[in-house]
Amino acid sequence: MEWEPVIGLEIHAQLATRTKIFSGASTAYGAEPNTQACAVDLGLPGVLPVLNEQAVRFAVRLGLALDAEVAGRSVFARKNYFYPDLPKGYQISQYELPVVGTGHLDIDLEDGTTKRIGVTRAHLEEDAGKSLHEGFEAMTGIDLNRAGTPLLEIVSEPDLRSAKEAVAYMKKLHSLVRYLGICDGNMQEGSFRCDANVSVRPKGESGFGTRAELKNLNSFRFVERAINHEIERQIELIEDGGEVVQETRLYDADKNETRSMRTKEEANDYRYFPDPDLLPLEVTRSLIEEIRGELPELPDAKKARFEADYGLPAYDAGVLTASRELADYYEATVTAADGEAKLAANWVMGELSGALNKAGLDITDSPVSAADLGGLLCRINDETISGKIAKDVFEAMWNGEGDADTVIESKGLKQVTDTGAIEAMVDEAIAANPTQLEQYRAGKTKLLGFFVGQVMKASGGKANPQQVNEILRRKLDG
Amino acid sequence: MHEYSITELAAGLERGDFTSRELTGHYLERIRRHDGTLNSFISVTEEAALARAEAADARRARGEAGPLTGVPIAHKDIFCTDGVRTSCGSRMLDNFIAPYDAHVVERLDEAGAVMLGKTNMDEFAMGSSNETSFYGPVSNPWDTAAVPGGSSGGSAAAVAARLTPAATGTDTGGSIRQPASMCGISGLKPTYGRVSRYGMVAFASSLDQGGPMARSAEDLAVLLGAMAGFDHRDSTSVQREVPDYRATLGDDIRGLRIGLPAEYFGEGLDAGVRAAIDEAVAALRAEGAEITEVSLPNTHLAVPVYYVIAPAEASSNLSRFDGVRFGYRCEDPRGLEDLYTRSRGEGFGDEVKRRIMVGTYALSAGYYDAYYLKAQQVRRMIRDDFTRAFEDVDVILGPVAPTPAFDIGEKADDPVQMYLSDIYTLAVNLAGLPGLSVPAGFANGRPVGMQLIGNYFDEARLLNVGHRFQQATDWHTRAPGDFA
């Protein structure tokens, strides 16, 4: 039988607010344990939560970007359960009335088509602290620095049909939250985390199979692997006559397997009820419009503009708009390169991205600025250097040897375009290789390349290749 | 000195009749002498009080005195006090010292009040007799065999016995008004949101409200003026100007429409209480008030609604007492589950555990709609009763409690009978309205309180009516003989 996977994702994006969602403590990552937890985060008696307005604005931004309904009135609820890193014994979240309602996100599939994925809701909540099981003999350490960090939980419809689609959705959302400036997207630090609900059904059926929830998927690669593994597990189970049980499974990246954490029967009764310490959250039309006015150009619009304004192929436009920083870099490069859009695209996606990847650097940390890269492209464009020499210049620029003009000057890499000089080198090459000349003239014309190589070598790569070709052909054929 | 009102104390301090150091020393001496009998204080902060009194004297000498500068006060042990234990009447917090002051404590500090100590209370404010305290029951100064009421029983007893001129209390279902009534003092539960809940250990967040307890409406006006006001740390605190409550105390009440709810004078009301209230009504009529009857038809639902909502919120509010970060922790836990169950099992008393269980049940999947959600719907009906009544009257008047103070131990084993002693006060919390209790006589030798219920933020009018009543009567000046 042919099976169809059905996947929905719950993504937790940590909002990039300076302070926590219900207290004034800092959200900065990496501080000494428990140094960024105030009385409210510690859940001391008598203290009360006060909502961080910035977190609300960030949630509204996402709502608008997903073309979703932003609720005029939403409600914070308490999700009650005991755990040592949950100081109050309840998590403040949104349950029945979330701040962001139904919306959607379009993803690009590998076959070049676009698929619309429904977003069910997005709600604000606070993060818990961390339990540290290592380094404490027979005890558990509790770090409450993370307690109260604002999260936006974004829940998709079960519209995804493969692990690849799930990853494409997750990447698109990752790009979007970073465009919006609402989340730093740092997956190592847990700023962008994913749980996946996975089920399978016979292809063609419209009902859903029983789902399992996969937890702890903290990289794109793990999402793909864990989902694929879970799909296989479920299919095998059903084909062997078994039944999928509704449960929560934890993904173990080391073993590339999922294992059961708890079944539906063991699930907590969270006893949700509206938090009486917080008034219902009111978001006015005028606030929504104010925030709409502050929205940056979003990835889809930017991609369309790159295709139209720069004449880029869809693929290039997609790559270059994957992050706001890369897109900004690209546009700055084009400007500095006097509008050489395609050349700039090739260099940003090729040489620069390659070097960044190799060095493990972000575009924002590039040692070569967009202005300098643009400067280099100008020198290619005005034929001061060839494309090949440009790669050497780029390397020197990467190593901090100055901008393109400085490197070209100091290394004497200026292209030779003096026809007389080139002719002399051509004559020399022909004279030095009589055998090849004979063969060429006997019809083995692909030896042209050999002669071009000889001339370029003699010029130290600096001769204008077009002129070399031209003159060689004239002299060889002559 | 201990017979003076707050206004008189402030005047005496200003004239130099006595210093705050002397006044504070006098009250501390009275506490030493009498509190062995009453048990109204959990902590007495003698040294800090004397130091603050000296600072208050210095402030007054510099001409910077406010209305409460140098006036002693006691705080219910539910208000967090920086550096001083806040037990909430529970073994769970017997070792808890907050690193912050409650907003109410801050405000009264700023106004110059001198804290004498922290008063006894029912554990986590859950009780109507002060018998659930980990620190033992409090005796009623009028009859030491009787309870002082609860949960602010320590505050009420201390004020009644002249161990402090004033105290703070909290009122979730009557916990200021009922003990005020039973101890023959005045107590005000403000409108929900009028006084910040920051730093007040939560029992039921949508019902809790702090307020003043003192001997007269006039004193309450001074205290409320200092306590009330917006606090950005409490999202339910209301941004609204605080009126000068003293300015309108003496206003004429001729033509004031006072409504008597038939439901507050029915079955279960003690005849002696009824007689005292009837007499009080006559006194107000003599002052020119128009007395009419009103109806609050859903009154009988207040007890069941309250005993779903308050425990539900409490079950969640008290989850933080888990033995992990502060408070009581059991000896040698054998794992997490054991740490939780024994810390909570040993740290909480029976009444608290009962309410946590009731509340947990009411919020559970499958029961939520039938209990919590239904209770919230009925709560709106109760509030609507008052809204309708206030279309016809300015103030609603009735008894505070159906009986005067009962004996210690009399109802301790019968939670339902105990819960019924708040039958006239619970609805006010459910609706979020202000309620005032003033002494109105005696029944069987024990004090009886009259309750005045106002519309939202109408505290000034309640205090005005209470003050006019106290100008016409002298119940509030009576002191229990053994503590005169």
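Here is what the cut-offs are and how they apply
- Residues numbered from 1 in each chain as written.
- Chains lettered and ligands numbered in written order.
- Predicted model: local features only at pLDDT ≥ 70, side-chain atom pairs only at ≥ 80, totals over all residues.
- Heavy atoms only, no water.
- UniProt positions renumbered as here; feature names shortened; annotations may be inferred.
- Pairing = 2+ DSSP bridges.
- Helix = DSSP H or I, 4+ residues; strand = E, 2+ residues; numbered from the N terminus.
- Axes fitted to C-alpha atoms, helices over the stretch in contact; angles between N-to-C directions.
- Contact = heavy atoms within 4.5 Å.
- Domains from an automatic or database assignment.
- Buried area = accessible area lost by both parts, 1.4 Å probe.
- Salt bridge = Lys/Arg side-chain N within 4 Å of Asp/Glu carboxyl O.
- Polar contact = N/O pair within 3.5 Å; in protein donor to acceptor, adjacent residues only side chain to side chain.
- Nonpolar A, V, L, I, M, F, W, Y, C, P; charged D, E, K, R; others polar.

- As annotated in an unreviewed UniProt entry, chain A carries the name Aspartyl/glutamyl-tRNA(Asn/Gln) amidotransferase subunit B and comes from wastewater metagenome.
- Recorded in UniProt under Sequence similarities (unreviewed entry), the annotation for chain A is "Belongs to the GatB/GatE family. GatB subfamily."
- Listed under Subunit (unreviewed entry) in UniProt, the entry text for chain A is "Heterotrimer of A, B and C subunits."

1. Some points on the sheet that holds strand β12 (residues 247-252) of chain A
Residues and elements named next belong to chain A.
Step number 1: The mixed open sheet is built from eight strands, whose spatial order is β5-β6-β9-β1-β10-β11-β12-β13. Looking at strand neighbours, the two that pair on one side only are β5 (103-108) and β13 (257-263), the edges of this open sheet. Taking each pair of neighbouring strands and ignoring which way they run, the sheet shows an average axis angle of 30 degrees.
Step number 2: Note: β5 against strand β6 (residues 114-126), six bridges, orientation antiparallel. Following the sheet pairing, isoleucine 107 is matched in β6 by lysine 115.
Step number 3: In this fold helix α4 (residues 220-239) packs onto β1 (3-14), β10 (192-202), β11 (212-217), β12 and β13, with an angle of close to 25 degrees to the strand it touches most, β10.

2. Examining the domain arrangement of chain A
Residue and element names in this part refer to chain A.
Step number 1: In terms of domains, chain A is made up of domain 1 (3-290), domain 2 (297-411) and domain 3 (419-477).
Step number 2: A C-alpha centroid distance of 36 Å is found between domain 1 and domain 2.
Step number 3: Counting residues at the interface gives ten residues for domain 1, matched by twelve residues for domain 2.
Step number 4: Carbon and sulfur atoms supply 51% of the area buried between domain 1 and domain 2, which totals about 840 Å² over both sides.
Step number 5: Summed over the shared surface of domain 1 and domain 2, the number is three salt bridges.

3. What about the interface of chain A and chain B?
Step number 1: Taken together, the contact pairs 29 residues of chain A with 39 residues of chain B.
Step number 2: Overall, the association of chain A and chain B removes approximately 2700 Å² of surface from exposure, summing both partners, and the carbon and sulfur fraction of that is 59%.
Step number 3: On the chain A side of the interface with chain B, the three residues burying the most area are Pro45, Phe82 and Arg271 of chain A, jointly 23% of the side's total.
Step number 4: Across the pair aspartate 277 of chain A and arginine 197 of chain B runs a salt bridge whose closest N-O atoms are separated by 3.1 Å.
Step number 5: Inspection of the chain A/chain B interface yields 16 residue pairs in polar contact (both at pLDDT 80 or more).
Step number 6: Secondary structure elements with two or more residues in the side of chain A that touches chain B: α1 (39-42), β3 (76-80) and β14 (273-274) of chain A.
Step number 7: Residue composition of the side of chain A that touches chain B, by class: 20 nonpolar, four polar and five charged.

4. A short note on the sheet that holds β3 of chain A
Residue and element names in this part refer to chain A.
Step number 1: Reading across the sheet, the three strands line up as β4-β3-β14 and stay open at both edges, with antiparallel pairing between neighbours. For this open sheet the edge positions go to β4 (90-94) and β14, each flanked by a neighbour on one side alone.
Step number 2: Bridge analysis of β3 against β14 gives two bridges, and the strand direction is antiparallel. Each residue of the ladder has a partner; that of arginine 78, found in β14, is phenylalanine 273.

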